[in-house]
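Each chain, written out:
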Amino acid sequence: MKYMLLFAGSEEYFDSFRSFPEDVQKAALARVDQWSRENTAAGRLLEGHRLQPSSTATTVRLQHAQNGMPNGKALITDGPFIDAKERIGGYVIIEVPDLDAAIAMAKSWPAGGTIEIRPLADLQEA
Amino acid sequence: MIEGSTQAVELGEIFRDHAGRLVDGLMRRIRDFDLAEESVQEAVIEALDHWPREGVPERPGAWLAAVAHRKALDRIRREVRYREKVAELTSRPLDSYAEPEDRLRLMFVCCHPALSRDAQVALTLRAVLGLTTTEIARALLTSEAAIAQRIVRAKRKIDLAGIAYRMPDDSELIERLEHLLAVIYLLFNEGYLTTSGPEPLRRDLAEDAEWLAALLTRLLPSQAEPLGLLALIRLQRARSAARFDRAGDIVLFEDQDRALWDREAIASGIKLIERAAALGPPGPYQVQAAIAALYAEAPSFDRTDWKQAVLLYDLLVRLDPSPVAQLNRAIALERVEGAAAALAGVDELADELAGYHLFHATRGRFLQELGRRDEAASAYREALGLTANPAERSLLERRLGDC
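Presented here is an overview of the structure given in this document. Note that this is a predicted model, so its numbers are computed, not measured.

## Quick look at the overall build of chain A
Within chain A one finds three helices and six strands. Helices (α) and strands (β) of chain A occur, in sequence order from the N terminus, as β-α-α-β-β-β-β-α-β. Against the compact-globule benchmark of 14 Å for 126 residues, chain A has a radius of gyration of 17 Å, which places it well outside the compact range. C-alpha extents for chain A along the principal axes are approximately 55 × 40 × 20 Å. By sequence separation, contacts in chain A at least 24 residues apart represent 70% of the contacts at least 6 residues apart. On chain A, roughly 8800 Å² of surface is accessible, and the fraction owed to carbon and sulfur atoms is 56%. Between the centroid of the 13 positive side chains of chain A and the centroid of its 17 negative side chains there is a distance of 2 Å.

## Digging into the overall build of chain B
Of regular secondary structure, chain B possesses 20 helices and zero strands. For 403 residues, the compact-globule formula gives about 22 Å, and the C-alpha radius of gyration of chain B, at 23 Å, lands near that figure. In terms of principal-axis extent, the alpha carbons of chain B reach across some 75 × 50 × 40 Å. By the burial criterion, 52% of the 403 residues in chain B qualify as buried. The long-range share in chain B, meaning contacts at least 24 apart out of those at least 6 apart in sequence, stands at 67%. Accessible area of chain B: about 18600 Å², with a carbon and sulfur share of 51%. Charge centroids of chain B, computed over 53 positive and 64 negative side chains, lie 3 Å from each other.

## Focus: the interface of chain B and chain A
Each partner contributes residues to the interface: chain B has eleven residues there, and chain A has eight residues. In total, about 740 Å² of surface goes out of reach between chain B and chain A, with carbon and sulfur atoms giving 45% of it. Looking only at chain B, the three residues that lose the most surface to chain A are A161, G162 and R166 of chain B, adding up to 44% of its buried area. Linking chain B with chain A are five salt bridges. At three residues, helix α9 (residues 170-194) of chain B tops the list of elements feeding residues into the side of chain B that touches chain A.

## Section: the side chain of E46 of chain B
One can find E46 of chain B in helix α2 (residues 33-54). In this structure E46 of chain B comes out as buried when scored by relative accessible area, which is 16%.

## Focus: the sheet that holds strand β5 (residues 86-95) of chain A
Residue and element names in this part refer to chain A. An order of β2-β5-β1-β6 is seen for the four strands of this open sheet, with the pairing classed as antiparallel. Looking at which strands have only one partner, the edges of the open sheet turn out to be β2 (45-50) and β6 (114-119). Put simply, the sheet's adjacent strands are angled 20 degrees from each other on average, direction ignored. As paired strands, strand β1 (residues 2-10) and β6 are joined by six bridges and run antiparallel to one another. Of the residues in β6, the one forming a bridge with M4 is R118. Set on the sheet, helix α3 (residues 99-107) makes contact with β1, β5 and β6; between it and β6 the angle comes to about 155 degrees.

Calculation criteria
Residues numbered from 1 in each chain as written. Chains lettered and ligands numbered in written order. Predicted model: local features only at pLDDT ≥ 70, side-chain atom pairs only at ≥ 80, totals over all residues. Heavy atoms only, no water. Helix = DSSP H or I, 4+ residues; strand = E, 2+ residues; numbered from the N terminus. Rg over C-alpha atoms; globule rule 2.2 N^0.38 Å. Contact = heavy atoms within 4.5 Å. Areas by Shrake-Rupley, 256 points an atom, 1.4 Å probe, with all protein chains shown as cover. Lys, Arg positive; Asp, Glu negative; His and termini not counted. Charge placed at Lys NZ, Arg CZ, Asp CG, Glu CD. Buried < 20%, exposed > 50% of the residue type's maximum accessible area, 1.4 Å probe, protein only. Buried area = accessible area lost by both parts, 1.4 Å probe. Salt bridge = Lys/Arg side-chain N within 4 Å of Asp/Glu carboxyl O. Pairing = 2+ DSSP bridges. Axes fitted to C-alpha atoms, helices over the stretch in contact; angles between N-to-C directions.

Okay, here's the thing in structure tokens:
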């Protein structure tokens, strides 16, 4: 099964990371790099990215006609669409046999924070 | 009336013996949890319709297996998405006794930490114990629609999120076992608190919990905590007969007639603690059982070894630093150091336990002891606002009257 792991953390969590000395930051990123390489080699990690800070996010809120379909208009705003305490810092797409394997992978994530696991569904399927 | 209700209890025991096995057996065949669970539930409901009128068949398990099998086939034939499963079911009939069953795996799936605790409880009751949705709703004092929805959602999550039907890995076993034990203990507490004397039409969840804990000790014989939990449940149930007076009101632990305690159950609980102790260092259920044993063995309430109880609670709080454990520690501490010290300990828990009626009830007692009547009364009122249980409410109202 394919899952998305969404990595989240509080604003302070991301700030504190940026305030660490450079060598500490480097060592942490090296652990993340190792995690990625190991899981890619094992065929579990399909793709993933770190995201630029949520302050760089732009939200496009589509307007809907009466029939519920988009009417071509949209509201563009600065910032992430969820006004939550936690910010999404990155994501990976993984392929593992079941949820337990996905949980095990999330538990092995070396950078701390909070991880949401979501099973992927095909775009064209109901 | 009495005959009918006795029969209801007996039927419940039959379902409990077979339901989990059948779900597991079907699951092994068709690898579809929803379909397996739903078919067994339908078989139970059909049995409830037939057996009271026609009598219980000689081999009730085989009867249920045959009906569950037929129900599964009906459903498969109706639904296109199940087509490929027809061959698996028609090739071999389901005989629940022909192959080794694995209810343990079923229990771990029902109590998977990715499901909410409410869902874990409802699924365990239905899939493992074979209760109907109606019985679950009645036992948990909630609506049938709410339970039905909880079960549908949980099974949908199992399917869509890819919760596999298998045992946890060895490295996960201890952590996953904690969820199983927590669900069983929660069932016990639900049953223990909501049962105020013989209520023939309501399922005794405390008894089901004891049965489940006993099953778990057999399925995981090398683990100490299932033994600890079974001991704890047995020791608490040993006091059942003394917990309510004739009017159905709660009799406080200190006022209970100890002659009504079940000495055999107490001895058996203590034996279980000894068996658990031989398996390794104690876990939280074993320590709670040891405390229950200490209380059960004391010649009277006043001659209980309260110092030893506080020491055991200290150990418990170290193993399980939950506010509820700390609240219980304060209750023992009151006997050793007095109400003022106990109250100070309890007040520290205010933030975490603000929504827990027993926190306010305990505070009320300490305040009452200290002669702070107005504060005691308001604590009791707070507690009353947080529990719907009639026996607990009547006790709190009596206390409030004394303020």
